[in-house]
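Examination of the molecular architecture
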Amino acid sequence: MAFSGALTLTDLNDFITPAQSCIKPVEQTNKPEEKDPGAASTEIKVDSAGAYYEVSAGSVKSVAEPQKKLQTAEISLNDCLACSGCITSAESVLITLQSHTEVLNFLSQNPPRTDASHKVPVISIAPQSLASLAATISSSSSAAPVTLHRVLRRVQAFCKTVLGFDHAFDTTFARHISLLEHAQEFRERKQAGGAGSLPMLASACPGWVCYAEKTHAEMLPFISRTKSPQQVMGTLVKEWMGKQWDKTPDQIYHVSVMPCYDKKLEASRSDFYNEAYATRDVDCVITTGELDLLMREKGWDLSIPVPGEDDDRPSPPARRSGNTINDGPSASAAHDTTDYDTHRTFTSAPSESPRSSPPPAFPTINTAIPELITHPGTSSGSYLHSLVALLHASSPVPLALTVRPVRASPDYE
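Residues numbered from 1 in each chain as written. Predicted model: local features only at pLDDT ≥ 70, side-chain atom pairs only at ≥ 80, totals over all residues. Heavy atoms only, no water.

Brief notes about the pattern of salt bridges
- Under the definition given, this model contains 14 salt bridges.
- The residue arginine 153 makes a salt bridge to glutamate 371 at a minimum N-O spacing of 2.9 Å. Of this pair, arginine 153 sits in helix α5 (residues 148-163) while glutamate 371 sits in the loop between α11 (340-347) and α12 (382-394), placing them 218 residues apart in sequence.
- The exposure class assigned to glutamate 371 is buried, which follows from its relative accessible area of 15%.
- Across the pair aspartate 281 and lysine 227 runs a salt bridge whose closest N-O atoms are separated by 3.3 Å. In this pair, aspartate 281 is assigned in the loop between β8 (279-280) and β9 (284-287) and lysine 227 in the loop between α7 (206-215) and α8 (229-244), connecting sequence segments 54 residues apart.
- On the basis of relative accessible area, lysine 227 is assigned to the partly exposed category, the value being 30%.
- Beyond isolated ion pairs, a larger network of salt bridges with shared partners links Arg150, Arg154, Glu309 and Asp310. (Salt bridge = Lys/Arg side-chain N within 4 Å of Asp/Glu carboxyl O. Helix = DSSP H or I, 4+ residues; strand = E, 2+ residues; numbered from the N terminus. Buried < 20%, exposed > 50% of the residue type's maximum accessible area, 1.4 Å probe, protein only.)

Digging into the nonpolar core
- Counting 28 residues, the largest nonpolar core has Val151, Val155, Cys159, Phe165, Val255, Ile286 and Leu291 as the members making the most contacts within it.
- For this core, the elements supplying multiple residues, two or more each, are α3 (100-109), β4 (120-125), α4 (127-140), α5, β6 (252-258), β9 and α10 (288-297).
- When residues in this core are grouped by element, the largest group, six residues, is from α5.
- When residues no more than four places from it in sequence are discounted, the contact partners of leucine 291 are Leu133, Val155, Phe158, Val257 and Ile286.
- In this structure, Val122, Phe169, Trp240 and Ile252 belong to the second largest nonpolar core, which totals 16 residues. (Core = buried A, V, L, I, M, F, W, Y, C linked by side-chain atoms within 4.5 Å. Contact = heavy atoms within 4.5 Å.)

Topic: the packing of α4 against α5
- Contact geometry of α4 with α5 gives a least axis separation of 9 Å together with a crossing angle of 100 degrees. Here α4 is positioned roughly perpendicular relative to α5, judged by the angle of their axes. When α4 is examined against α5, the residues Leu130, Ala131, Leu133, Ala134 and Ile137 are found in contact with a partner set consisting of Leu148, Val151, Leu152, Arg154 and Val155.
- For the contact of α4 with α5, the residue count by class is nine nonpolar, no polar and one charged. (Axes fitted to C-alpha atoms, helices over the stretch in contact; angles between N-to-C directions. Parallel < 35°, antiparallel > 145°, perpendicular 65-115°, else oblique. Nonpolar A, V, L, I, M, F, W, Y, C, P; charged D, E, K, R; others polar.)

Regarding the sheet that holds strand β3 (residues 68-69)
- The three strands are arranged β1-β2-β3 in an open sheet whose pairing can be described as antiparallel. Each edge of the open sheet is held by one strand with a lone partner, namely β1 (42-46) and β3.
- Pairing of β1 with strand β2 (residues 52-56), which is carried by five bridges, proceeds in the antiparallel orientation. By the bridge assignment, glutamate 43 is partnered in β2 with valine 55. (Pairing = 2+ DSSP bridges.)

Examining the sheet that holds β4
- The parallel open sheet is built from four strands, whose spatial order is β5-β4-β6-β9. The open sheet terminates on both sides in strands that have one partner only, identified here as β5 (167-170) and β9. Averaged over all pairs of adjacent strands, the angle between strand axes in this sheet comes to 20 degrees, irrespective of strand direction.
- Bridge count between β4 and β5: four bridges; the pairing is parallel. Bridging from a neighbouring strand, serine 124 pairs with phenylalanine 169 of β5.
- On the sheet, α3 packs against β4, β6 and β9 and is oriented at approximately 150 degrees with respect to β6.
- Across the sheet, α8 lies against β4, β5, β6 and β9, angled at about 155 degrees from β6, the strand it touches most.

Focus: unusual backbone geometry
- The omega torsion of the bond from leucine 198 to proline 199 falls at 5 degrees, within 30 degrees of zero and hence cis.
- Within the secondary structure, proline 199 is located in the loop between α6 (172-192) and α7.
- Phi at aspartate 246 takes a positive value of approximately 60 degrees, unusual for a residue other than glycine.
- Position of aspartate 246 relative to the elements: it lies in the loop between α8 and β6.
- Since its relative accessible area comes to 68%, aspartate 246 is described here as exposed.
- Phi angles above zero are rare outside glycine, and alanine 278 is one such case at about 50 degrees.
- With respect to the helices and strands, the residue alanine 278 is situated in the loop between β7 (273-274) and β8.
- Exposure remark for alanine 278: the relative accessible area of 52% places this residue in the exposed category.

This is how it looks when you write it as structure tokens:
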């Protein structure tokens, strides 16, 4: 399992022995060295082949001296997520089940559609993962950069024709709903007032949320209750789309592709477990690297175009509202017109629609959700941008939005 270069080893005392201090160079003198009461009693010796051996500290080393060969230290996903005591051993069992191998095992063992125990396989892909895959194509090819739209179509083709998924989505619409709910919660907190209402803290990073829960209990009343885009997508797939397909949540197997390992931990939380149907909103999470590994193992070349990759799907009819959070120039009709009322339509059954007219018709190619919705700001900064847009649109007096640099570098504004 490959890890980001940002993952570095610092103090390994909690994971391996002897301590890391024992491998520091020691100047040898004829005078006996003063012993540090806390110093290690052994040292590590490295031979010409690069193997590590444990030897007694301060002894005269000879060829005949007994030496203990040490195993190479490895950092597992459990170590990575638990470096600050974030998860328990019981939760680590769930984490080990979040892998591309488990996805392949399910797909190979899933009964045929005619069988009553068949589950509908669905996969959803984060836009950050699509961007990473697009970057790999651009860096390994002399051709022009590939758009996210084309990468999405190629990933969809791979997931459906090679792996056997019935449906493949991106998660930008789920992020759109999450931002709408985030803005609505901010409005409710502001109106309610009182202790524990504001400021409102929000993050789609489960590692940060887990850290706050374990080490800063005083922050919990201020953390937003809104689900992350991954978990909103799980609700959409298993609840709303499941009704469209006449399936219950336990008859759907939902896989998400995310850029961070912590998303595996998020999907395993008990908060997102449906007791009634004994199923999770997201059954399995794989990373961008694991999806790339799957494509390489199956011989799929992502740089090769697929039929229909430039075809656009119709968007919902244009509709503007004071609750709109996408007023940026890059937003399309579907992107900058879906408001909170529209969100209620998409997250409720068609018969419960708050509008008098029925929901817009969409092609059956991929169920009725918009694709690749753009949002102002970064993937994490969109929380702040959504609130700025909400205040700008709902203010009784005209507001002017200005931007100024906070550092000398133009990268920070």
